[in-house]
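Residue-level structural notes
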Amino acid sequence: DGLNQSGISFMLSYVIEHKGETNQELLDWNYQRGQGYPIRPQIQIRLTASEPFYGPGVQNLLSWIAKTGSLQEACFHMDLSYSKGRKMIKQLEQQLGAPVVQRWTGGSGGGGSVLTEKGKNLMEAYENLVASVQDFTDQAYQKYMGKGF
């Protein structure tokens with residue numbers, strides 16, 4: 001009936017936050033304006049120094065490296081050129097001043113890549129930051145726009 005998983009979880013959190021005292025008209029209004037999905041805020045966080053160097057794209061790249069054990073495979077899954085992926089990792093490591101990916105080349109078993117502890121810690125911290133900011137944003141949205149506009 002037009003509900004996706006994020007819509008259902010958003011609606012459930014709305015019901016829980018308001019202790020079941022929901023206004024069906026408001027819920028209907030929200031879904032109608034979102035073409036069958038609830039209208040909700042969506043955030044995107046980027047870490048910057050002189051320029052942005054870490055955000056959803058780099059997070060996704062590191063996640064694929066962790067899954068595949070290969071920068072080349074990770075780039076393939078993201079439809080990203082290998083040189084672009086290498087550049088993203090190089091820029092990240094320069095900004096942090098430490099390696100986040102350990103790489104090795106060739107040999108009988110071929111090359112590969114794994115995340116360093118710093119890389120794993122960065123990914124976890126970023127996920128936690130995004131979740132916290134999204135929670136705050138959802139609360140602010142309910143406070144300022146939850147009753148419609």
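Because the structure is a prediction, the values reported are computed rather than measured. (Residues numbered from 1 in each chain as written. Predicted model: local features only at pLDDT ≥ 70, side-chain atom pairs only at ≥ 80, totals over all residues. Heavy atoms only, no water.)

Turning next to the overall build of the protein. Within the protein one finds 6 helices and 4 strands. Scanning the protein from its N terminus toward the C terminus, one meets helices and strands in the order α-α-β-β-α-α-α-β-β-α. For the protein, the proportion of its 149 residues judged to be buried stands at 32%. Element-wise, carbon and sulfur atoms account for 50% of the exposed surface of the protein, whose accessible area totals about 9,900 Å². (Helix = DSSP H or I, 4+ residues; strand = E, 2+ residues; numbered from the N terminus. Buried < 20%, exposed > 50% of the residue type's maximum accessible area, 1.4 Å probe, protein only. Areas by Shrake-Rupley, 256 points an atom, 1.4 Å probe, with all protein chains shown as cover.)

Take the nonpolar core next. Counting residues in hydrophobic clusters, the biggest one holds 19 residues, and the most contacted among them are Tyr 54, Leu 61, Leu 62, Ile 65, Ile 89, Leu 92 and Val 101. Breaking this core down by element, the ones donating at least two residues are β2 (52-54), α3 (56-68), α4 (71-77), α5 (82-96) and α6 (117-145). It is α3 that contributes the most residues to this core, 4 residues altogether. Once residues within four sequence positions are removed from consideration, Tyr 54 is found in contact with Ile 45, Arg 46, Leu 47, Gln 59, Leu 62, Leu 92, Leu 122, Met 123 and Tyr 126. (Core = buried A, V, L, I, M, F, W, Y, C linked by side-chain atoms within 4.5 Å. Contact = heavy atoms within 4.5 Å.)

Attention now moves to the packing of aromatic side chains. Aromatic rings considered in pairs are described by the distance between their centres and by the relative angle of their planes. A complete count under the given rule lists 1 aromatic pair for this structure. For the ring pair Tyr 54 and Tyr 126, a centre distance of 5.0 Å and an interplane angle of 80 degrees mean the geometry is edge-to-face. Within this pair, whereas Tyr 54 is found in strand β2, its partner Tyr 126 is found in helix α6, the two being separated by 72 residues in sequence. As far as burial versus exposure is concerned, Tyr 54 and Tyr 126 are alike and both buried. The residue whose ring lies beneath Lys 67 is Trp 64, and the NZ or CZ to ring-centre distance is 4.4 Å. (Phe/Tyr/Trp six-rings, centres within 6.5 Å; stacked < 30°, edge-to-face > 60°. Lys NZ or Arg CZ within 6 Å of the ring centre and 35° of its normal.)

Right, let's talk about the packing of α3 against α6 for a bit. Between two packed helices, the angle of one axis relative to the other and the distance separating the axes together describe the packing. Between α3 and α6, whose axes approach to 11 Å, the crossing angle comes to 135 degrees. Compared by their axis directions, α3 and α6 come out oblique. Our pair here, α3 against α6, has a crossing hand that is left-handed. Where α3 abuts α6, its residues Pro 56, Gln 59, Leu 62 and Ser 63 lie against Leu 122, Met 123, Tyr 126 and Glu 127. Of the residues belonging to the contact of α3 with α6, the class tally is 5 nonpolar, 2 polar and 1 charged. (Axes fitted to C-alpha atoms, helices over the stretch in contact; angles between N-to-C directions. Parallel < 35°, antiparallel > 145°, perpendicular 65-115°, else oblique. Left-handed = near helix turned anticlockwise from the far one by under 90°. Nonpolar A, V, L, I, M, F, W, Y, C, P; charged D, E, K, R; others polar.)

So, on to α5. Relative to the 21 Å expected for 15 residues at 1.5 Å per residue, α5 spans 21 Å between its end C-alpha atoms, a close match to the ideal helical length. Looking only at α5, the buried set comprises Gly 85, Met 88, Ile 89, Leu 92 and Glu 93. Along the axis of α5, the buried residues cluster in a sector spanning 125 degrees; they form a single face. Opposite the buried face of α5, by more than 90 degrees, sit the exposed residues Ser 83, Lys 87, Lys 90 and Gln 94. In this fold, the buried residues of α5 make contact with β2, α3, α4, β3 (101-104) and α6. Directly beyond the C-terminal end of α5, a positive phi value near 75 degrees is found at Gly 97. (Expected span 1.5 Å × (residues − 1). Arc of directions from axis to C-beta.)

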